[in-house]
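Descriptive structure summary
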Amino acid sequence: MAALGSVVVLFLQPAPELSHLAKMVLRYAVTLWLCIVGVPHITTFAWKHRKRMRPWFNQLLQMIRNRELKLGPSSSDISLSKLPNAGGVESMSSTPERGEPNHRPVMLAGVQSVQSGPYALFPPNPRPYSSSTLSAEQASELIFNTVQLAGLKMDEPPEILSIDAGPTLQTISFRLPARLQLSDLVKKRDDLANHIGQDQGFAVASSAFPSSAAFVIPHQERAFVYMSDLVNELREFSKTAQLPMVFGKDMEGKPVLVDLAKLPHLLVAGFTGSGKSVYINGLLTSLATTRSPQQVKFLLIDPKMVELMMYTGLPHLISPPVTDPMRVSLALKKIVVEMEKRYTRFAQVGARNLLQYNRNHPQEQIPYIVTVIDEYADLMVLAKTDVEDTVQRLTQMGRAAGIHLIMGTQRPSVDVVTGVIKSNLPSRVAFQLRSVYDYKTVLDTGNPHLLGGGDGICMLNGGGQKRFQSAAISADDDETTQYIEKLKSYWRNDMRMDKADSEQVNESSSVFATIFEEVETEQMATESVEQNPLSEFPTGEWADLEEEEEPLINESVYEQVIRLARDHNGVSGRLLQQALNIDYITAATYVDQLSKEGKVAPEYDPETGLKPWLVDSRESDEKLLLRVQRMICETRSTRSTDIQQALGMRKEKVLQLMGQLVKLDFLLPPTSTKGGYTLAWDEDRIQSFLDNEEE
Ligand SMILES: Nc1ncnc2c1ncn2[C@@H]1O[C@H](COP(=O)(O)OP(=O)(O)OP(=O)(O)O)[C@@H](O)[C@H]1O
């Protein structure tokens, strides 16, 4: 009654003193009503409907954590993909996508600030929305039905504890009923996946909540993660990281950024079409966006001549991409030489590593070198020992010298990802692979049911695993190519401006020009000066380092090398290192010399791990001549390629011997340029020769 009276008084607007009194009475009356009637009533209602309200309450908590309600930063984000921060991984929470109960798409890219410089070049995401996630009710219903269909016991729809959504997957945590264990669900994974209609990509996982489990379910339609979505985070990360790289977004939709300098090398495995190349492009463009050609150099090795060729002309490149497999080991050897030069230089000035050297010598900055091998399985077939030796050296010693390796492969079988490679590359990324054995080789775990198209798992510095969706430059290949062209133009223009500013340009002083002159193919030679950054990028300090010569061939050592190679029927860098107690570079130089002179085969024999000693340098000319003659008599064939293959000789040697056989009137010379040698002996002479030989 008092409250009603006060409202009437306020409505009639009487004297101010009366109005003040009425306001006070009204306030007391409302407070009294709330205490006696309102709060008990609401509490009773909430208690009665507590089960139904809990998911909503949890969602409200999630929203608060996600700062969607702008109530301050989260303190206890709960996520399946939460891992110890291994290897410089940065998982930022600026644009998380959480479970939205009403299928409303969530903005993925967030509000993009206006970018400048190379950051502005990334194509914008035409569809910056995440896939819609299930509501709590739908999720509860789905889990209830699926679990029952799989033959497990669940009496009522489970309580949903959280729904985390990334670009590819949603992770639904739910309370387990008393008699259902996580292990029961794991055992029935295939049945559950089948009933949920997601054979690939579905997973049963543990959850951070007590007595709970989680279902990982792919979105019906996946969101595309663009590099431009993460450009703000990349810019921010580049202030602290030395070699910042964008991986993509994790299972909560948080950006995953990694500092390559901390890994410090990376193995990337993925079956064809799994998204390996798109991902490597993201890594390269992250580096080429955040770091200038003076700060980081790339050595790109692309034997398939497909993926990395488009970077030709980017000023960050030490040389145009190396495509000839025979030159790859030379290119890698050059990197080892460069690494050793850096160590010598650091020792002279008392620097521990590149970072310290660059800090103390701001005028003589030495760039990082990132070597990317698109497919190294082919190289392992050609020169397993060479590749393993170099990889081992670079991975063990490269970090301090600022030299880092990214190695990709489609075939991560045990003969490709060997024990040596694995133990030296503890940071690995797997995209979809062909078999459970391949996953075991790369990640040491079973099949994680990856979806392909950039759905990957990273395991950095031997730490825990983190699932992520890799970022792509664009969904459109043409747009990607155009972007790379723009990036090249940007840095070329930037370099021209630098060049105009500097009077001290001296083309011949580029260290890389010399280091890689042997690696450059004829195709490289035809590159215009504009396309070859080396001639445009001199650095004084590097010119000093360049003056050091490669080890020279010492005659008496070379004789020992030849003896060793002959005795072992082949040669390798490791054999020479052990037998002669010489360093890696010197050993590799002698192996190269033997190859150049044709004393050993150019390729390693995968079985022996040696470059085989060639027959023609092992036996005297007389013996060889007799062997060729006998073979021709036995086969009645004078085809030089057959003889070459059958007797393991070089072509030149076979032709030389055939010339001698013409002089001995055993063969007749070719009568035309296309014709071959013919047998001059008749059948009787051939037969008596063979009879004599047998005796
Ligand atoms: N991050 C991504 N987001 C969306 N789609 C992707 C992503 N990565 C890859 N894809 C899709 O998968 C296709 C194949 O990717 P990619 O060329 O990187 O495969 P790959 O593993 O390198 O295969 P290969 O070794 O045969 O070259 C792409 O054309 C694209 O359609």
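Residues numbered from 1 in each chain as written. Predicted model: local features only at pLDDT ≥ 70, side-chain atom pairs only at ≥ 80, totals over all residues. Heavy atoms only, no water.

1. Topic: the overall build of the chain
The helix and strand tally for the chain stands at 25 helices and 18 strands. Out of the 695 residues belonging to the chain, those deemed buried represent 50%. Total accessible area on the chain stands at roughly 33000 Å², and carbon and sulfur atoms take up 54% of it. (Helix = DSSP H or I, 4+ residues; strand = E, 2+ residues; numbered from the N terminus. Buried < 20%, exposed > 50% of the residue type's maximum accessible area, 1.4 Å probe, protein only. Areas by Shrake-Rupley, 256 points an atom, 1.4 Å probe, with all protein chains shown as cover.)

2. Quick word on the confidence of the model for the chain
Summary statistics for the chain give a mean pLDDT of 78 and a share of 78% for residues scoring 70 or more. A low-confidence stretch, residues 65-88 (pLDDT under 50), is modelled with 56 contacts involving residues beyond four sequence positions or located in other chains. Across residues 503-549, confidence stays below pLDDT 50; counting only partners more than four residues off in sequence or on other chains, it has 93 contacts. (pLDDT = per-residue confidence, 0-100. Contact = heavy atoms within 4.5 Å.)

3. Observations concerning the nonpolar core
Counting residues in hydrophobic clusters, the biggest one holds 55 residues, and the most contacted among them are F247, L266, Y279 and F298. With six residues, helix α8 (residues 276-290) is the single largest residue contributor to this core. Contacts of F247, omitting those with residues within four sequence positions, involve V256, V258, L266, Y279, L283, V429, C458, L460, F468, Q469, S470 and A471. (Core = buried A, V, L, I, M, F, W, Y, C linked by side-chain atoms within 4.5 Å.)

4. So, empty space enclosed by the protein
As enumerated under the stated definition, the model contains five cavities of 30 Å³ or more in all. Of the volumes computed, that of the second largest cavity is approximately 50 Å³. Along the walls of the second largest cavity sit G166, P167, T168, L169, K249, D250, M251, D455, R467, F468 and Q469, which together make up its complete lining. Those elements that provide at least two residues to the lining of the second largest cavity are β6 (244-250) and β14 (465-470). Here the element with the most residues in the lining of the second largest cavity is β14; it accounts for three residues. Grouping the amino acids of the lining of the second largest cavity by side-chain chemistry returns four nonpolar, three polar and four charged. (1 Å grid on protein atoms, 1.4 Å probe; cavity = no way out; pocket = protein on both sides within 12 Å on 5 of 7 lines; lining within 4 Å. Points joined across faces, edges and corners; volume = space filled by probe spheres on them. Nonpolar A, V, L, I, M, F, W, Y, C, P; charged D, E, K, R; others polar.)

5. A look at the site of the ligand
The full set close to the ligand counts 15 residues, and T272, G273, S277, Q410 and S470 are the nearest of them. One nitrogen or oxygen atom from the side chain of T272 is found 2.4 Å from an oxygen atom belonging to the ligand. Within the backbone of K276, a nitrogen or oxygen atom sits 3.0 Å from an oxygen atom of the ligand. Considering the ligand on its own, with 630 Å² of exposed area, one finds that the protein chains cover 72% of that surface. Listed by contribution, the elements that provide at least two residues to the shell around the ligand are α8 and β14. (Near = heavy atom within 4 Å. Polar contact = N/O pair within 3.5 Å; in protein donor to acceptor, adjacent residues only side chain to side chain.)

6. Structural notes on the packing of helix α22 (residues 621-635) against helix α24 (residues 651-663)
Here α22 crosses α24 at 80°, and the two axes come no closer than 10 Å. Considering their axes alone, α22 and α24 lie roughly perpendicular with respect to each other. Along its contact with α22, which presents D621, L624, L625, V628, Q629 and I632, the element α24 presents K653, Q656, L657, Q660 and L661. (Axes fitted to C-alpha atoms, helices over the stretch in contact; angles between N-to-C directions. Parallel < 35°, antiparallel > 145°, perpendicular 65-115°, else oblique.)

7. Considering helix α19 (residues 573-580)
For α19, every residue scored as buried is listed here: G573, L575, L576 and L580. One side of α19 holds all its buried residues, which, seen down the axis, span an arc of 160°. Two or three places before L575, at the start of α19, stands the capping residue S572, its side-chain oxygen 3.1 Å from that residue's backbone nitrogen. Note on α19: the residue one or two positions beyond its end, N581, has a positive phi of about 55°. (Arc of directions from axis to C-beta.)

8. Concerning the UniProt feature "transmembrane region" (unreviewed entry) in the chain
Residues given the UniProt feature "transmembrane region" (unreviewed entry) here are residues 29-47. Taken as a whole, residues 29-47 contains 100% helix and 0% strand, while its terminal C-alpha atoms sit 26 Å from one another. (UniProt positions renumbered as here; feature names shortened; annotations may be inferred.)

9. Overview of the side chain of H449
Inspection of the secondary structure assignment puts H449 in the loop between α13 (436-443) and β13 (455-459). For H449, a relative accessible area of 18% translates into the label buried. Here H449 is in contact with R189, Q200, G201, F202 and R467, once residues within four sequence places are set aside.

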